[in-house]
Amino acid sequence: MNDTILARIADTLETRLPENGGDPATSYVAKLLTKAPDAFLKKIGEEATELVMASKDGEREQIVYETADLWFHCLVALTHHRIRPEEILAELARREGLSGLQEKASRSA
């Protein structure tokens, strides 16, 4: 078992999938996954907007809080799509040291 916080959260989220016995009556995440994708997409939009507002206001504590909310709901989306956070981290590692312009240009090639 991976010991990073993202992996541990992903492990927990996987137990909330309907096919793994996730009960929407007792679990917020199971409720989101049962109503997927609309429920978690709505939450991602809400949390992203709240992060934008906190950033615009320069509220450090709110920025941290809203970023955590956004990341959490993104992890729910990844769980729905059976994507592990390690895949996202590997993609970020692949991009490390690349110019953003180079990386973007490589996508259209």
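Look above for the structure.
Within each chain, residue numbers correspond to sequence positions counted from 1 in written order. Side-chain atom pairs in this predicted model are given and counted only at pLDDT of 80 or more, local residue features only at pLDDT of at least 70, and totals for whole chains, interfaces and linings cover all residues. Only hydrogens and water are set aside; all other atoms, that is, all heavy atoms of the structure, feed into the side-chain values.

K.L.:
An account of the environment of F40 is needed here, citing residue identities and associated values.
P.N.:
When you line up the elements, F40 lands in helix α3 (residues 38-57). For F40, a relative accessible area of 1% gives the class buried. Linking F40 and R84, residues 44 residues apart in sequence, is a C-alpha distance of 17 Å. Whether two residues touch is decided by their heavy atoms; if any such pair falls within 4.5 Å, the residues are in contact. Those residues in contact with F40, other than ones at most four positions away along the chain, are L32, V76, A77, H80 and H81. In this description a helix means any DSSP run of H or I spanning at least four residues, a strand means any run of E spanning at least two, and both kinds are numbered starting from the N terminus. Exposure is judged per residue with a 1.4 Å probe applied to protein chains only, and the accessible area is read against the type maximum: over 50% gives exposed, under 20% gives buried, and values in between give partly exposed.

K.L.:
Describe unusual backbone geometry, with residues and values.
P.N.:
A36 connects to P37 through a cis peptide bond whose omega is -5 degrees. When you line up the elements, P37 lands in the loop between α2 (28-34) and α3. For R82, which is not glycine, the phi dihedral falls at a positive 60 degrees.

K.L.:
Help me get a handle on the packing of helix α1 (residues 5-15) against helix α4 (residues 60-80), residues and values and all.
P.N.:
The convention used is that axes are lines fitted to C-alpha atoms, helices contributing only their stretch in contact, and that angles between N-to-C directions extend from 0 to 180 degrees. It is the contact of α1 with α4, at a shortest axis distance of 10 Å, that shows an interaxial angle of 55 degrees. When the axes of α1 and α4 are compared, the pair comes out oblique. Crossing of α1 against α4: the hand is right-handed. Contacts between α1 and α4 involve L6, I9, L13 and E14 from the former and F72, L75, V76 and T79 from the latter. Note on terminology: angles under 35 degrees are roughly parallel, angles over 145 are roughly antiparallel, angles of 65 to 115 are roughly perpendicular, and the others are oblique. Two helices crossing with the near one rotated counterclockwise from the far one by less than a right angle form a left-handed crossing, whereas a clockwise rotation gives a right-handed crossing.

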